[in-house]
Amino acid sequence: MPLETESTLRIRSIIKDFKPNNGDLLAALYAVQHEMGYLSKEALAVIADQFKMFTAEVYGMASFYEEYRFDPPAKTTIRWCSGPACRTRNSAGIRDAILATLDLNETGEQTEDGQCSVVVGQCNGTCELAPMIWVEEHKTYELPVGKLTAAKSIKLARGLRSGSGIGEILNG
Amino acid sequence: MVSVDSAASGTQTNEGSSVTSRYNELVRVADEEFKYWLNPLQPRIDVANDTSSLANGSDRIEQILKQAVAESGATIGIGHVHGYGIQSVHPTVSITWPNGTRILYGPVTPERCSDLIQEAQDGPNSHLQDLVIGQISGESGEIASIRDHPFFSCEPDERRLLANLGITDPDSLNHAIATGSYKATARIIGRRMPEGRVRDSLIAAGLTGRGGASFPTGVKWNFLAGAQGNDHYVVCNADEGDPGAWVNRVVMEGEPHSLIEGMLIAGLATGSRTGFIYLRDEYPLAIDRMERAIQNAINNQLLGKNILGSDLEFNLRVIRGAGAYVCGEETGLLSSIQDSRGMPRVKPPFPAQVGVFNLPSNVNNVETYATVPMILRHTSDWYKELGTESMSGTRVFSFSGDIAQVGFMELPFGTPLAKILDSCGGIHTPNGEHGKLYAIQSGGPLGSLLPSHSIDQLILENASFAPWDAIMGAGGIVFIGEGTHILVLNELFSEFVEEESCGRCTTCHGGNQRQTEIVRRIISGRGRRDDAPNLKLVDDLLQHSNCVHGQFSPKTMRNTLQHFRTDYEDAIAGYDPTLTLSGMYELEIVDQTDPLLNEAATICPKGQFEGEAGAWSINMSGCVRCGACIDIAPNAIQKKALARSPRVIPIA
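Because the structure is a prediction, the values reported are computed rather than measured. (Residues numbered from 1 in each chain as written. Chains lettered and ligands numbered in written order. Predicted model: local features only at pLDDT ≥ 70, side-chain atom pairs only at ≥ 80, totals over all residues.)

K.L.:
Whenever I open this one, the overall build of chain A confuses me. Can you help?
P.N.:
Per the secondary structure count, chain A includes eight helices and four strands. Of the regular secondary structure in chain A, the N- to C-terminal order runs α-α-α-α-β-α-α-β-β-β-α-α. Projected onto its principal axes, the C-alpha coordinates of chain A cover approximately 50 × 30 × 25 Å. Relative to its full complement of 172 residues, chain A shows a buried share of 49%. Looking at chain A alone, contacts between residues at least 24 apart form 58% of all its contacts between residues at least 6 apart. (Helix = DSSP H or I, 4+ residues; strand = E, 2+ residues; numbered from the N terminus. Buried ≥ 20, exposed ≤ 12 C-beta atoms within 10 Å, placed from the backbone. Contact = placed C-beta atoms within 7 Å.)

K.L.:
I keep staring at the overall build of chain B and nothing clicks. Help me out?
P.N.:
Across its full length, chain B carries 25 helices and 18 strands. Relative to its length of 652 residues, chain B is compact, with a C-alpha radius of gyration of 27 Å against a globular reference of 26 Å. Expressed as a percentage of its 652 residues, the buried residues of chain B come to 56%. Pairs at least 24 apart in sequence give 72% of the contacts found in chain B among residues at least 6 apart. (Rg over C-alpha atoms; globule rule 2.2 N^0.38 Å.)

K.L.:
For this particular structure, what's the right way to read the interface of chain B and chain A?
P.N.:
By a widely used convention, the size of an interface equals the accessible area lost when the partners come together. With 50 residues of chain B at the interface, the matching set in chain A holds 42 residues. Broken down by secondary-structure element, the contributors of at least two residues to the side of chain B that touches chain A are helix H3 (51-55), strand E8 (315-320), helix H13 (330-337), strand E10 (394-401), strand E14 (476-481), helix H18 (486-500) and helix H25 (628-632) of chain B. In terms of residue class, the side of chain B that touches chain A is made up of 22 nonpolar, 18 polar and ten charged. (Nonpolar A, V, L, I, M, F, W, Y, C, P; charged D, E, K, R; others polar.)

K.L.:
Looking at this structure, I do not really get the nonpolar core. What am I missing?
P.N.:
Most often, soluble globular proteins keep nonpolar side chains buried together rather than apart. In this structure, Ile47(A) and Tyr278(B) are the most contacted members of the largest nonpolar core, which totals 245 residues. Those residues in contact with Ile47(A) that sit more than four places away from it in its chain are Ile15(A), Ala28(A), Leu29(A), Val32(A) and Val58(A). (Core = buried A, V, L, I, M, F, W, Y, C linked by C-beta atoms within 7 Å.)

K.L.:
Looking at this structure, I do not really get helix H24 (residues 596-603) of chain B. What am I missing?
P.N.:
Each full turn of the α-helix corresponds to 3.6 residues, which orients residues three or four apart in the same direction. All buried positions along H24(B) are accounted for by Leu597(B), Ala600(B), Ala601(B) and Ile603(B). For H24(B), the arc enclosing every buried residue in end-on projection is 165°, short of the 170-degree limit, so these residues lie on one face. Tucked into the core, H24(B) has its buried residues touching helix H7 (150-161) of chain A together with strand E16 (609-610), H25 and strand E18 (637-641) of chain B. (Arc of directions from axis to C-beta.)

K.L.:
Before we go on, may I ask you to explain the pairing of E14(B) in this structure?
P.N.:
The side chains of a regular strand alternate, residue by residue, between the two faces of the sheet. Residue and element names in this part refer to chain B. Counting buried positions along E14 gives six out of six residues, so the element sits mostly inside the fold. Covered by surrounding structure in E14 are Gly476, Val478 and Ile480 together with Ile477, Phe479 and Gly481, the residues of both alternating faces. Of the strand pairs in this sheet, E10 and E14 are connected by four bridges, and their pairing is parallel. If you follow Ser400 over to E14, its bridge partner there is Val478. The sheet contact formed by strand E12 (residues 437-442) and E14 spans five bridges and is antiparallel. Following the sheet pairing, Ala439 is matched in E14 by Ile480. (Pairing = 2+ DSSP bridges.)

K.L.:
Honestly, the confidence of the model for chain A in this entry has me stumped. Any pointers?
P.N.:
Interpreting fine coordinate detail is not advised for predicted regions of low pLDDT. Taken over all residues, the pLDDT of chain A has a mean of 92, while the share at 70 or more is 97%. Across chain A, element-level confidence peaks in helix H6 (residues 91-101) of chain A with a mean pLDDT of 97 and bottoms out in helix H8 (residues 166-171) of chain A with 80. (pLDDT = per-residue confidence, 0-100.)

K.L.:
Help me understand the domain arrangement of chain B in this model?
P.N.:
Residues and elements named next belong to chain B. By domain assignment, chain B separates into domain 1 (38-152), domain 2 (176-383), domain 3 (394-484), domain 4 (487-572) and domain 5 (584-641). Taken together, the contacts link twelve residues of domain 3 with 17 residues of domain 4. Of the residues assigned to the side of domain 3 that touches domain 4, the class counts are seven nonpolar, four polar and one charged. (Domains from an automatic or database assignment.)

K.L.:
Could you clarify how one ought to interpret the packing of helix H8 (residues 195-205) of chain B against helix H9 (residues 217-225) of chain B in this entry?
P.N.:
Each packed pair of helices is defined by two parameters, the angle between the axes and the distance between the axes. Residues and elements named next belong to chain B. Two elements in contact, H8 and H9, have axes whose closest approach is 7 Å; the angle formed by their N-to-C orientations is 150°. The orientation of H8 relative to H9 falls into the category roughly antiparallel. Residue-level contacts link Glu195, Arg199, Asp200, Leu202 and Ile203 of H8 to Thr217, Gly218, Val219, Trp221, Asn222 and Ala225 of H9. (Axes fitted to C-alpha atoms, helices over the stretch in contact; angles between N-to-C directions. Parallel < 35°, antiparallel > 145°, perpendicular 65-115°, else oblique.)

K.L.:
What's the story with unusual backbone geometry in this structure? I'm lost.
P.N.:
The bulk of non-glycine residues show a negative phi, and the bulk of peptide bonds are trans. Cis geometry marks the peptide bond from Ala130(A) to Pro131(A); its omega dihedral reads -5°. Here Pro131(A) shows up in the loop between strand E2 (116-121) and strand E3 (133-137). Here His90(B) and Pro91(B) are connected by a cis peptide whose omega angle stands at 0°. Among the structural elements, Pro91(B) can be located in the loop between strand E2 (77-81) and strand E3 (93-96). Even without a glycine there, the phi angle at Asn90(A) is positive, about 65°. If you trace the backbone, Asn90(A) turns up in the loop between helix H5 (84-87) and H6. The residue Ser214(B) is not glycine, and still its phi comes out positive at about 60°. With respect to the element layout, Ser214(B) can be found in the loop between H8 and H9. Overall, the presence of 16 C-beta atoms within 10 Å leaves Ser214(B) in the partly exposed class.

K.L.:
Can you walk me through the sheet that holds E10(B) in this structure?
P.N.:
Adjacent strands of a sheet pair through backbone hydrogen bonds, lying either parallel or antiparallel. All names here are of chain B. Sheet architecture is open: five strands sit in the order E11-E10-E14-E12-E13, paired in mixed fashion. The sheet is open, and its two borders are formed by strand E11 (407-412) and strand E13 (448-451), each paired with just one other strand. Ignoring strand direction, the axes of neighbouring strands in this sheet form an average angle of 30°.

K.L.:
Is there a simple way to explain the sheet that holds strand E4 (residues 102-105) of chain B in this structure?
P.N.:
Residues and elements named next belong to chain B. If you trace the five strands from one edge of the open sheet to the other, you get E2-E1-E3-E4-E5, paired in mixed fashion. If you trace the sheet from one side to the other, it starts and ends with E2 and strand E5 (132-137), each paired once. Neighbouring strand axes in the sheet, compared pairwise and without regard to direction, differ in orientation by 25° on average. Sheet analysis places E3 next to E4, joined by four bridges and oriented antiparallel. If you follow Val93 over to E4, its bridge partner there is Tyr105. Where helix H4 (residues 58-72) meets the sheet, its contacts fall on strand E1 (44-48), E2 and E3, and the angle it forms with E1 comes to roughly 160°.

K.L.:
Would you explain the packing of H6(A) against H7(A) in this entry?
P.N.:
Residue and element names in this part refer to chain A. Two numbers describe how H6 lies on H7: the axes approach to 9 Å, and their chain directions differ by 30°. Here H6 is positioned roughly parallel relative to H7, judged by the angle of their axes. Between H6 and H7 the crossing geometry is right-handed. The residues of H7 that touch H6, namely those facing Gly93, Ile94, Ala97, Ile98 and Thr101, are Ala150, Ser153, Ile154, Ala157, Arg158 and Arg161. (Left-handed = near helix turned anticlockwise from the far one by under 90°.)

K.L.:
How do you make sense of the environment of Ile169(A) when you look at a structure like this?
P.N.:
Residues and elements named next belong to chain A. Relative to the assigned elements, Ile169 resides in helix H8. We classify Ile169 as partly exposed; it has 18 C-beta atoms within 10 Å. The sequence separation of Ile169 and Ala157 amounts to twelve residues, and the corresponding C-alpha distance is 9.4 Å. Contact partners of Ile169, with chain neighbours within four places excluded, come to Leu156, Gly159, Leu160 and Ser164.

K.L.:
Explain the environment of Ala178(B) to me, please; I cannot follow it from the model alone.
P.N.:
Residue and element names in this part refer to chain B. Considering the arrangement of structural elements, one finds Ala178 in helix H6 (residues 173-178). Residues Ala178 and Asp31, spaced 147 residues apart in sequence, show a C-alpha to C-alpha distance of 5.2 Å. Ignoring anything within four residues of it in the chain, the contact list for Ala178 reads Ala30, Asp31 and Phe34.

K.L.:
Quick question: what am I supposed to make of the confidence of the model for chain B here?
P.N.:
Residues and elements named next belong to chain B. Per-residue confidence for chain B gives a mean pLDDT of 93, with 96% of residues at or over 70. Across chain B, H6 holds the top mean pLDDT of 98, while helix H1 (residues 4-10) sits lowest at 41. Within the model, the stretch residues 1-12 combines pLDDT values under 50 with 26 contacts to residues more than four positions away or in other chains.

K.L.:
Any chance you could explain helix H5 (residues 113-122) of chain B here in plain terms?
P.N.:
All names here are of chain B. Among the residues of H5, those classed as buried are Cys113, Leu116, Ile117, Glu119 and Ala120. One face of H5 carries all of its buried residues, which in axial projection span an arc of 155°. Lining the buried residues of H5 we find E1, H4 and E3. Residue Gly123 follows H5 closely and has a positive phi angle near 105°.

Next up, the structure:
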């Protein structure tokens, strides 16, 4: 069991109502990531303690799922829609344009200054907006930006990289 | 075990009537409220608030309307409904007047909000003629009924599962009860209907699983009812992962109580006291709405202990997924609920023997459960009036891609696909021009790619897709226009199935890696003669995977080799008429005098424009082919096909 520190106590209080062998682990991981931004080693250890599992088991479970992060997220995350309706409208070009603008090699990476990252998103059925991305800032909002072109996405990525808020970029 | 049978034998004779009177009391309260919803005392504007409407800015519209109403002091109510079906005109609002007339408008922009308030005050058709989509209820003469809208021309005269969509507030339990929800439950418990009768009526109605496999639901429930032990589970598969399908989202965001009631009835009919809804993380609004609806149902004794005052119990929970497509496979889903990696396992044992926490379980799709109450409320014969011999009833389909109108419809099985494409407004290019159909994608990444000439022979029925080595799937259909190469879609789906492979079978994770490599290499212009036989080999190998993910993953590639052979062969030879495969074209500046070229040079994310105004050139070696410069200066920069690659060496 990890030593009690301020953050372990906080994590413990987030997950105090979850029980082992009750189908609660996904929810516990979600709750911790939602509050803390990501699943740190410490968080995994505390969760393992609560669920009477080994930390390695919890990590093994969590790492199977796309949504869990084990490093702090970037300030802004661009979630790029990988669906077919977007793909027929140059969404692959949009992905490459954003990656090139942010000097990233592939999706899943973030810029060195921690300002932006690009992750692969899944279609949620708002295909009238294709091609689209979602711009996310942790715990503040998730904003769909649709009917993009490669040129628009480059302007957006440049703005985000220079630290502008998404509201400013879209209205300005 | 608590079941309908035991309730019949073990309780006092007056329990049935107390259940009925408890239900009647709920209906009385609900009717009272709903009456004023349909005929409000003052005009009411209902803003659509489903995922698609919100993505199109309906929350902003609502904010502006609320502020304007507050400032002007107008006596107008503001409410919520689900969108009606045509997502291309979102955000929509509907206005309901005291006489019961309700009209749907869209797309609403912030600038038109003041007109909207005027319209609500002055009556139908006074300020917003250009935004009218159709009349949902009432009689005002001039405005055509929404049912006559071309987009809904393939739908039956009356919707069934989506009957209340766009009319009721999905967050309101009273609206659900007033429109018939929980009536079937009250009847089953109140009249102590033997549990077998419920399952028999589903078999008689011909209800089949809506997740794609189309197994008879009543038979599946019989397996669970006959399983050993006292503790059974019912599980709802709401992990709708197929890109291009959002059928379950519509049902959960629009009619949450039909799913709850369907699962409750499944619990009663199979002796289960616990239900799980495994809902994908990408649908946060559906998660919210389902959780709220469950809480409402518990507060009104429709879930939990002592349902409607009887001694029956059923508990329902939402499990939030975390972005793993393979959890849509039922055994993967079950292990994901049990605090572990969502890896599918070998069947048998089937979930009806060994399911959640190693106890007998039943897994059905959202729509399967949601359809059950409706069948019991009406009759099996009523349900069979629509549909075909082999697939009865209706189901919701979502349509997207290069079509004029993206949206969802509730269609009877057997509807011709060509008619549906017409009602979606035909193929449209991104510029809004009419185009030609190139391919049809059904069934998601494990589904099919169909050629354009198949459309005249396709109807919405599994048997109609089979001759094309295709499946109809779970309701998502994407129409693809000319201008996209089939290999672009193959790359998308190959990447997807590779990424989402759970990794247990080497055939699946290794085979799909190999398949993706080959597709990417062909796209980069380095196709080889032996790629087709190798892809065939990968296909054969993948058939030995343990679960359907591996077995179905080469299907779209196989379809390409079957139905798009010429396009494939051309691509192998380095020739791509659509100029969408990145390795088969380069960019050429055709007009150096275009002033937009300067902006195009600055937009390039790689800085590959060289020279100066009047003498620009593009360094193709660093170009990522994102197309941004063409977006900026479409008349000055063009794609030019590369000469056929000399690297293609025919097999002797």
